Amino acid sequence: MKKHEDLEEALLAGGEPEQAAAGGGGYALLCALLASVVSIIYGYNRGVMSGAQKYVQEDLGVGDGQLEVLIGATSVYSLVGSLAAGWACDRAGRRRTVALSAAMFLAGSAVTAAANGYAALMAGQLVAGVACGFGLVVAPVYIAEIAPPSSRGFLSSIPEIAGNSGILLSYIADFALAGLPTTLNWRLMIGIGAVPPLFLAAAATFVMPETPRWLVLHGHPDEARRVLARTAGDADRRLQEIVFSVQEASKKAQAASGGGAASSTNVWREILLRPTPAVRRVMLAIVGLQVFQQACGVAALVLYAPRVFSHVGVTSERAVLGATVLLGAAKTVAIFIPLFLADSLGRRPMLLASAGGMAASLLVLGLSVRAPAAAASWWAAATCVTAAVAFMATFSLGFGPVIWMYGSEILPLRLRAQGTGVGTAVNRVMSAVVGMTFISMYEAVGMAGSFYVFAAFSAAAWVFVYACLPETKGRSLEEMEALFDKAAVAPPPRPPTLS
């Protein structure tokens, strides 16, 4: 009760109206860019094994089966990290969780690069995998809460751009270092990933503010007002909307717990055991998008592109790595399209165009790899690379960045961190399934059959988006629950300017 009184006093406090100056948008952009460094590190860690795996096998004697488990297990470890990150975000704050993920990325990269056997590789990937789970949760949540509604789509796309940039940088590092001795090249490829976490930890500690919603939720409205004054338009109006949302969330949490205090246990109960109809629809949207993002097979191309290109007769080591760099470049360049169109065109059109393009390019990719490597011709190799590039580009139009944007903005405040953690955990499970089974799958049903399966899942993703997802562009975070449940209480109208 005291917390609510403090919040109301903050709203009634006198003073000049705090409009964000022209630099306010720049400050929000700076915060988003800093938070997105964690996505660059994640992308680098995710992509570097694509080129390094061959040299790891040669140097340490790792077999195909062990490699499949090593790569797939990273996604399993990130599942643990994504579930723990939701709790950490709520307890320690979004900003401190960014710093924690940076520390784990540093440790994981260092241990993996110094490994002298399979067990040490697994230990390093365990730490790096948990860090990946933290990074996948905290960056979207932080940016969704720090960004003003008018530019949330733009800013929320930055982590995906950063992640793709990290993958591209890892491919370039693989290509540049491949000529070094086998005992050294893969260690440098992986070890470079330990450098950016140092800068991220410093930024999270000394530069980045905590998000206004977390500050209000934990009884610091004055500090929240100061952050809003630098990032949003009308700081007082935005603060009132957030306070209203927190008070409604508190009432619902107390009702869910039978009148007792809200707790993380009650949050999990509302998400998994006794969700309201609106929360059930929100979680269906989040889980469905995360399943389809990985079921389309993007991890197979990110992790095993050199094997796919070798299958169609691209035998030169530098040609294979060069084609892989082209793949990463296409994925990164295409990501800029939703950055500028998500707020004007909307989320649904981007997702529908993405799913349709993925299905078509995967069908062509499957046709191009039907012939065995010995019988493949130049046109098969060219078609394979072109189709793979088209798939990566259309993936980046929507199912790369937009699902993270969409998922982080539709969750109610009281469920946002842990709900995002659930979605990320599902994503990591699906990524692990693809990463740990792709070699076995193409040996069982053929390379072409594998891509036909991925094409079918992409077509199903189109149907899911069309049937289940409402448009969210232009809405504040406090309006989202009403969008999924028309019976929900709407945020209060804009108050008169305080003076």
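Cut-off values and rules
- Residues numbered from 1 in each chain as written.
- Predicted model: local features only at pLDDT ≥ 70, side-chain atom pairs only at ≥ 80, totals over all residues.
- Heavy atoms only, no water.
- Helix = DSSP H or I, 4+ residues; strand = E, 2+ residues; numbered from the N terminus.
- Buried < 20%, exposed > 50% of the residue type's maximum accessible area, 1.4 Å probe, protein only.
- Contact = heavy atoms within 4.5 Å.
- Areas by Shrake-Rupley, 256 points an atom, 1.4 Å probe, with all protein chains shown as cover.
- Expected span 1.5 Å × (residues − 1).
- 1 Å grid on protein atoms, 1.4 Å probe; cavity = no way out; pocket = protein on both sides within 12 Å on 5 of 7 lines; lining within 4 Å.
- Points joined across faces, edges and corners; volume = space filled by probe spheres on them.
- Nonpolar A, V, L, I, M, F, W, Y, C, P; charged D, E, K, R; others polar.
- Bend = angle between axes of the 7 residues up to and from the residue.
- pLDDT = per-residue confidence, 0-100.
- Salt bridge = Lys/Arg side-chain N within 4 Å of Asp/Glu carboxyl O.
- Axes fitted to C-alpha atoms, helices over the stretch in contact; angles between N-to-C directions.
- Parallel < 35°, antiparallel > 145°, perpendicular 65-115°, else oblique.
- Left-handed = near helix turned anticlockwise from the far one by under 90°.
- Phe/Tyr/Trp six-rings, centres within 6.5 Å; stacked < 30°, edge-to-face > 60°.
- Polar contact = N/O pair within 3.5 Å; in protein donor to acceptor, adjacent residues only side chain to side chain.
- Core = buried A, V, L, I, M, F, W, Y, C linked by side-chain atoms within 4.5 Å.
- Patch = residues over 30% accessible without salt bridge, like charges linked within 9 Å, V, L, I, M, F, W, Y side chains within 5 Å.

Description of the overall build of the protein chain
Working step 1: Helix and strand counts for the protein chain stand at 23 helices and 0 strands.
Working step 2: Taken over 499 residues, the protein chain has a buried fraction of 58%.
Working step 3: Here the contacts in the protein chain between residues at least 6 apart in sequence split such that 84% fall between residues at least 24 apart.
Working step 4: If you sum the accessible surface of the protein chain, you get close to 18400 Å²; carbon and sulfur atoms cover 68% of it.

Structural notes on helix α14 (residues 277–295)
Working step 1: Look at α14: 26 Å from first C-alpha to last across 19 residues, which is about the 27 Å you get at 1.5 Å a residue.
Working step 2: Looking one or two residues beyond α14, the residue adopting positive phi is Gly297, at roughly 90°.

Description of the layout of surface pockets
Working step 1: Taken as a whole, the second largest pocket spans an internal volume of roughly 270 Å³.
Working step 2: Residue assignment for the lining of the second largest pocket shows that the elements contributing at least two residues are α2 (22–60), α15 (298–311) and α16 (317–334).
Working step 3: Considering every element that reaches the lining of the second largest pocket, the biggest residue donor is α2, with 6 residues.
Working step 4: The class makeup of the residues in the lining of the second largest pocket is 5 nonpolar, 6 polar and 3 charged.

Points about helix α3 (residues 64–92)
Each full turn of the α-helix corresponds to 3.6 residues, which orients residues three or four apart in the same direction.
Working step 1: Between its first and last C-alpha, α3 extends 40 Å over 29 residues, near the 42 Å set by a 1.5 Å rise per residue.
Working step 2: The largest bend along α3 measures about 25° and falls at Ala84.
Working step 3: At the exit of α3 stands Gly93, carrying a positive phi of roughly 105°.

Description of the confidence of the model for the protein chain
Working step 1: Confidence in the prediction of the protein chain, expressed as mean pLDDT, is 82, and 87% of residues score 70 or more.
Working step 2: In the predicted structure, residues 487–499 sits below a pLDDT of 50 and forms 22 contacts with residues beyond four places in sequence or in another chain.

Brief notes about the pattern of salt bridges
Working step 1: What the rule picks out here adds up to 7 salt bridges.
Working step 2: Between Arg238 and Glu241 there is a salt bridge whose closest N-O contact spans 2.0 Å. Taken as a pair, Arg238 and Glu241 lie in helix α12 (residues 235–256) at a separation of 3 residues, close to a single helical turn. The pair Arg238 / Glu241 is uniform in exposure class, with both members buried.
Working step 3: Each of the salt bridges in this network shares a partner with another, and the network as a whole consists of Asp90, Arg94 and Glu145.

Description of empty space enclosed by the protein
Leftover empty space is mapped by rolling, across the atoms, a probe with the size of a water molecule.
Working step 1: Across all of its chains, the model carries 6 cavities of 30 Å³ or more by this definition.
Working step 2: Looking at the largest cavity, it is lined by 25 residues, and the ones nearest its centre are Tyr42, Leu136, Glu160, Gln293 and Trp404.
Working step 3: Every element with two or more residues in the lining of the largest cavity is listed here: α2, α5 (118–146), α7 (158–177), α14, α15 and α21 (416–445).
Working step 4: Broken down by element, the lining of the largest cavity gets its largest block of residues, 5 residues, from α7.
Working step 5: Of the residues contributing to the lining of the largest cavity, the split by class is 11 nonpolar, 10 polar and 4 charged.

Let's talk about the packing of α16 against helix α19 (residues 378–397)
Working step 1: Axis separation between α16 and α19 bottoms out at 7 Å; the angle between their running directions is 25°. Considering their axes alone, α16 and α19 lie roughly parallel with respect to each other. Judged by the twist between their axes, the crossing of α16 over α19 is right-handed. For the pair formed by α16 and α19, the contact residues are Ala323, Leu326, Leu327, Ala330, Lys331 and Ala334 on the first element and Val385, Ala388, Val389, Met392, Ala393, Phe395, Ser396 and Leu397 on the second.
Working step 2: Across the contact of α16 with α19, the residue classes break down as 12 nonpolar, 1 polar and 1 charged.

Here we look at the packing of α21 against helix α22 (residues 447–468)
Working step 1: With their axes 7 Å apart at the nearest point, α21 and α22 run at an angle of 125° to one another. It follows that α21 is oblique to α22 by the angle criterion. On the side of α21, the interface is formed by Val434, Phe438, Met441, Tyr442 and Val445, while α22 contributes Met447, Gly449, Ser450, Phe451 and Phe454.
Working step 2: In the contact of α21 with α22, the residues fall into 8 nonpolar, 2 polar and no charged.

Some words on the packing of aromatic side chains
Working step 1: What the rule picks out here adds up to 8 aromatic pairs.
Working step 2: Between Phe438 and Phe454, the aromatic rings sit 6.4 Å apart at their centres with planes inclined by 20°, giving stacked as the arrangement. One end of the pair, Phe438, is in helix α21; the other, Phe454, is in helix α22, and 16 residues separate them in sequence. Both residues of the pair, Phe438 and Phe454, belong to the buried class.

A few points about the side chain of Gln294
Working step 1: Of note, Gln294 is situated in helix α14.
Working step 2: At 3.4 Å, the side chain of Gln294 and the side chain of Asn427 are in polar contact.
Working step 3: Once residues within four sequence positions are removed from consideration, Gln294 is found in contact with Ala299, Asn427, Arg428, Met430, Ser431 and Val434.

Quick word on the side chain of Asp174
Working step 1: Mapped onto the elements of the fold, Asp174 is located in helix α7.
Working step 2: At a separation of 3.1 Å, a polar atom in the side chain of Asp174 contacts the main-chain amide nitrogen of Gly51.

Quick word on the nonpolar core
Working step 1: By size, the foremost hydrophobic cluster in this structure holds 150 residues, and its most contacted members are Leu289, Leu301, Phe309, Phe399, Phe438 and Phe451.
Working step 2: Here this core takes 15 residues from α2, the largest share from any one element.
Working step 3: Once you skip the residues sitting within four places of it in the chain, Phe309 turns out to touch Val314, Val320, Ala323, Thr324, Leu327, Cys384, Val385 and Ala388.

Re a nonpolar patch on the surface
Working step 1: On the surface, Phe336, Ile337, Phe340, Leu341 and Leu345 cluster together into a nonpolar patch covering about 460 Å² of accessible area.
Working step 2: Structurally, the position occupied by Leu345 is in the loop between α17 (336–341) and α18 (347–368).

What about the environment of Gln66?
Working step 1: When you line up the elements, Gln66 lands in helix α3.
Working step 2: Sequence separation between Gln66 and Tyr118 is 52 residues; the distance between their C-alpha atoms is 8.3 Å.
Working step 3: Every residue in contact with Gln66, bar those within four places of it in the chain, is listed here: Gly61 and Tyr118.

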